[in-house]
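Chain by chain, the residues:
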Amino acid sequence: MAKRSLDRLIRPQSIAVFGGREARRVIEQCDRMGFPGEIWPVHPSLDIVLGRRCYRSVDDLPATPDAAFVGVNRMLTVEIIRKLAAVGAGGAVCYASGFSEAAGEFADGIALQAALVEAAGAMPIVGPNCYGLINGLDGALLWPDQHGIIRVEKGVAILTQSSNIAINLSMQRRGLPIAYLMTAGNQAQTGICDLAMATLEDPRVTAVGLHVEGFDSLASLQALADRARVLKKPVVVLKVGKSEQARMATVSHTASLAGGDAVATAVFARLGIGRVSTLPELIETLKLLHVAGPLSSNRISSMSCSGGEASLVADAACNKAVEFSPLEVGQLPELRQSLGDMVTLSNPLDYHTFVWGDFDRQRRAFSAMFRGNYALNLLVLDLPRADRCDDTDWITTIDAVTAAASETGARAGIIATLPENMPEHIALRLMANDIVAFCGVDETIAAAAVASGIGAAWQKPAAAPMLDVRPIAGDLATLSEFEAKTELAKFGVNVPQGLVADSPRQAAIHATQLGFPVAIKGLGIDHKSEAGAVILNLCDHKQVDQAANSMASITSRFLIETMVERPVAELIVGAIRDPLAGMVLTLGAGGILVELLQDSAIVTLPTTEEAILEALSSLKIKKLIDGYRNTTAGDLGATVKTVAAIADYVVKNAASLEELDLNPLMILKNGHGAVAADALVRRRR
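Since we're looking at a predicted model, the values are computed, not measured. (Residues numbered from 1 in each chain as written. Predicted model: local features only at pLDDT ≥ 70, side-chain atom pairs only at ≥ 80, totals over all residues. Heavy atoms only, no water.)

Visitor: Can you tell me about empty space enclosed by the protein, naming the residues and giving the values?
Guide: Under the defined criterion, the tally for this structure stands at 2 cavities of 30 Å³ or more. Of the voids in this model, the largest cavity is the one considered here, and its volume is about 80 Å³. For the largest cavity, the full set of lining residues is Gln-222, Ala-225, Asp-226, Arg-229, Arg-270, Leu-271, Ala-462, Ala-463, Ala-464 and Pro-465. Secondary-structure elements contributing two or more residues to the lining of the largest cavity are α7 (218-231) and α9 (260-271). Examining the composition of the lining of the largest cavity, we find that 4 residues originate from one element, α7, more than from any other. Counted by class, the lining of the largest cavity contains 6 nonpolar, 1 polar and 3 charged residues. Of the pockets and cavities examined, the second largest cavity occupies roughly 30 Å³. Contributing to the lining of the second largest cavity are Leu-383, Pro-384, Ala-386, Asp-391, Pro-423, His-425 and Ile-426. (1 Å grid on protein atoms, 1.4 Å probe; cavity = no way out; pocket = protein on both sides within 12 Å on 5 of 7 lines; lining within 4 Å. Points joined across faces, edges and corners; volume = space filled by probe spheres on them. Helix = DSSP H or I, 4+ residues; strand = E, 2+ residues; numbered from the N terminus. Nonpolar A, V, L, I, M, F, W, Y, C, P; charged D, E, K, R; others polar.)

So, in structure tokens, the structure goes:
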């Protein structure tokens, strides 16, 4: 049964509240924010609650409520939800705990959550085990506690699985206008992406921020990203927690490189969703996206009246995807005229204090900087304590920045290096004038990198829908190396010529047939090198016979292969099943460099040759492929096509494939191709 729209629940005209203390608090919070609609308390024994008539049950209500806050015990919650659904209510928040999250404490927790979902039917429910939601646009709250949100005309939506994190975020004093604050709780029926999608549709919402431990549905995340792109409303995620997959022991190297956290980053990048690392970064990024939206490029400028501040900004940009592009020739005359001869003109720019307190000279200098075709122009300015100092000259600088931004049409932000040096009333004033009020240098640069990353993703065509194939059940089996290579060869992967032998004598015969030199490998052995089951460069019949006999104690079957020429570089290409993204591809430095460099990139599926080349280009080993310090270059084109063939194999076998590991894929010199020297495939029967 399809769920109804969430519109009535998150933008209600009438609210029913069930329960005692928590329900009373919901009414108090609605009154404080000036909710203009009807509020109907429901309690079995009270007659009046905060001056309002109290009703006995759902059946006693004067009309069908748009939204309900159900703040009763877990058993009664199910019954009330059933009655609300029967009368056609718009939705409900389930406050009670003791459902699936408490399965260890309550034996019936999982069953009770299933009963709750069944009782709701098509009526949307949020929770259980959650605080609910705050609509700061309309003053509608289904929220049983204090919070720091004020009414706004437009702003961002923030959604989290944690009620306490939601409260903390509501108390921010950084000038971020919050339109919606929502908690998802257990997501028994309505997921965090469903809530986010509903807020996106509100024309007053400018951007969406998610704080999550994980997503339970790739389809819902992809739908959210697609809708965000259509509406030009960016989404940014703070994903916490590390996947167990990153630590599990497996047969191959692939899983150690393809941890769930790395996969999540790749998924977000593919979908055009920004990712941040901390709550302060989330707030600062949302402020930037609220004012400016995704940035048109990663070119930024910075000005400060101190070399120390300029250095802080420059250092913060190290290893971040932003660029302090050099000043353009056309900017220099006006900057020189307004700042004087003593200032070194550069980006970041230390403009000294020669123009301090001079509105006109500052405005001209800032305007000249802002005309440099930067996606974002920053100015470092820590305001003094108002209780001890005079901030007149700082306000002059703020006015000059505002005037310069208005004059040039450029995007601008003012950074306080310490959050306490950006008073809330100043932050609100700046944001009202479309000047981003940033708190913290590192957080600001991170925000710029995220906003430019979303902008770059949106400038490209949307990626194809991600591979979302349900894996089949069945016993797990590992193919022999020969079987794995035979399958991959059918998809266009180049492998060495090889034959399987059942005895040392047959191994020697096969080696003669293939032509020397050859390699011999013991079949049916994981981690062959460690087990001594690989011997290379055997040049005659006798050497092959001796090598096979040396392995006879650990295997009775052998793979004889022609030797591959010395490679320019070695790559690992692997695939593994991620709980959210399904099968994903891992590329990295191969051979003995796997553990040494930990140089890897994730490619989500299906993919393209362009995406594969971009992933390869992000690796340190790419320098070797290109011909490091005038050494021989590798066959990059053949490598890309080989990886594309491997990706095609993974996509076609996604339902049964559990893991694939090619280590190494030998990248030969330019024009000679790429060869899979080893291959491991694990799949369900």
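Next comes the rest of the write-up.
Visitor: An account of α7 is requested, with residue identities and associated values reported.
Guide: For α7, built from 14 residues, the straight-helix expectation of 20 Å at 1.5 Å per residue is met to within 8% by its first-to-last C-alpha distance of 20 Å. Those residues of α7 lying buried are Leu-218, Ser-220, Leu-221, Gln-222, Leu-224, Ala-225, Ala-228 and Arg-229. Two to three positions downstream of the cap, the backbone nitrogen of Ala-219 sits 3.4 Å from a side-chain oxygen, assigning the N-cap of α7 to Ser-217. Just beyond α7, the residue with positive phi is Lys-232, at close to 60°. (Expected span 1.5 Å × (residues − 1). Buried < 20%, exposed > 50% of the residue type's maximum accessible area, 1.4 Å probe, protein only. Polar contact = N/O pair within 3.5 Å; in protein donor to acceptor, adjacent residues only side chain to side chain.)

Visitor: Could you give me a rundown of the environment of Pro-36, with the residues and numbers involved?
Guide: By secondary structure assignment, the location of Pro-36 is in the loop between α2 (21-32) and β2 (38-42). Sequence-wise, Pro-36 and Ala-615 are 579 residues apart; in three dimensions their C-alpha atoms are separated by 53 Å.

Visitor: Any chance you could break down the sheet that holds strand β5 (residues 67-71) for me, citing the residues and the numbers?
Guide: Taken together, 5 strands build an open sheet; the order of strands is β2-β1-β5-β6-β7 and the sheet is parallel. The sheet is open, and its two borders are formed by β2 and β7 (125-126), each paired with just one other strand. When strand β6 (residues 92-94) meets β7, the two strands line up parallel, connected through 2 bridges. Residue pairing for β7: Ala-92 is matched across the bridge by Ile-125. (Pairing = 2+ DSSP bridges.)

Visitor: Residue-level account of the side chain of Asp-350, with values.
Guide: Residue placement: Asp-350 occurs in strand β16 (residues 349-350). Reaching out from Asp-350, the side chain makes a polar contact with the backbone nitrogen of Ser-306 at a distance of 3.2 Å. Only 3.0 Å separates the side chain of Asp-350 from the backbone nitrogen of His-352, close enough to count as a polar contact. When sequence neighbours within four positions are dropped, the list of residues in contact with Asp-350 reads Ser-304, Cys-305, Ser-306, Gly-307, Val-343 and Thr-344. (Contact = heavy atoms within 4.5 Å.)

Visitor: Please give an account of the pattern of salt bridges that cites residues and values.
Guide: Close approach of charged atoms lets side chains of opposite charge pair. One pass over the full model with this rule turns up 36 salt bridges. The residue Arg-429 makes a salt bridge to Asp-399 at a minimum N-O spacing of 2.4 Å. Placement of Arg-429 in helix α15 (residues 424-432) and of Asp-399 in helix α14 (residues 392-408) is noted, with a sequence separation of 30 residues between them. Shared partners join several salt bridges into a network, and the residues in it are Glu-334, Asp-360, Arg-363, Arg-364, Arg-371 and Glu-407. (Salt bridge = Lys/Arg side-chain N within 4 Å of Asp/Glu carboxyl O.)

Visitor: Go over the sheet that holds strand β10 (residues 155-160) with me, naming the residues and quoting the values.
Guide: An order of β9-β8-β11-β10-β12-β13-β14 is seen for the 7 strands of this open sheet, with the pairing classed as mixed. Here the strands that pair on one side only, and so sit at the sheet edges, are β9 (140-142) and β14 (274-276). This sheet shows a mean twist of 15° between the axes of neighbouring strands, independent of strand direction. Bridge count between strand β13 (residues 235-239) and β14: 3 bridges; the pairing is parallel. (Axes fitted to C-alpha atoms, helices over the stretch in contact; angles between N-to-C directions.)

Visitor: Just give me the short version of the state of the cysteines, but keep the residues and values in it.
Guide: Evaluated as defined, the whole model comprises 0 disulfides. Cysteine Cys-439 shares no disulfide, and the gap to the nearest cysteine sulfur, in Cys-305, comes to 18 Å. For Cys-439, a relative accessible area of 1% corresponds to the buried category. (Disulfide = S-S within 2.5 Å.)

Visitor: Please provide a residue-by-residue account of the pairing of β13, values included.
Guide: Here β13 lies mainly inside the structure; 5 of its 5 residues are buried. Burial along β13 is two-sided: the residues Val-235, Val-237 and Lys-239 and Val-236 and Leu-238 are all buried. Pairing geometry for strand β12 (residues 205-212) and β13, over 5 bridges, is parallel. Note on β13: the bridge partner recorded for Gly-209 is Val-236. The parallel pair β12 and β13, bridged by α7, forms a crossover whose chirality is right-handed. (Right-handed = clockwise from strand over helix to strand, strands pointing away.)

Visitor: Which residues make up the environment of Glu-565, and what values go with them?
Guide: Its place among the elements puts Glu-565 in the loop between β24 (558-562) and β25 (569-578). Separated by 101 residues in sequence, Glu-565 and Met-666 have C-alpha atoms that sit 8.9 Å apart. Once you skip the residues sitting within four places of it in the chain, Glu-565 turns out to touch Leu-668, Lys-669 and His-672. At 3.0 Å, the side chain of Glu-565 and the side chain of His-672 are in polar contact.

Visitor: Would you mind going over the layout of surface pockets in detail, with residue names and values included?
Guide: One number sums up the size of the largest pocket: a volume of about 1,700 Å³. Forming the boundary of the largest pocket are 47 residues, of which Thr-265, Ala-266, Ala-269, Arg-270 and Glu-614 lie nearest the centre. Residue assignment for the lining of the largest pocket shows that the elements contributing at least two residues are α9, β14, α16 (441-459), β27 (600-604) and α22 (609-617). Among the elements that line the lining of the largest pocket, the one with the most residues is α16, at 8 residues. Of the residues assigned to the lining of the largest pocket, the class counts are 24 nonpolar, 15 polar and 8 charged.

Visitor: Provide a residue-level description of the packing of aromatic side chains, including the pertinent values.
Guide: Under the definition given, this model contains 7 aromatic pairs. Judged by centre distance (5.2 Å) and plane angle (85°), the rings of Phe-491 and Tyr-649 are edge-to-face. Taken as a pair, Phe-491 in the loop between α17 (481-490) and β21 (498-501) and Tyr-649 in helix α24 (residues 636-652) lie far apart in primary sequence, 158 residues in all. Since its relative accessible area comes to 29%, Phe-491 is described here as partly exposed. Three or more aromatic residues link up through ring pairs in this structure, and these residues are Phe-69, Tyr-95, Tyr-131 and Trp-143. (Phe/Tyr/Trp six-rings, centres within 6.5 Å; stacked < 30°, edge-to-face > 60°.)

By themselves, these are just geometric observations and shouldn't be taken as functional.
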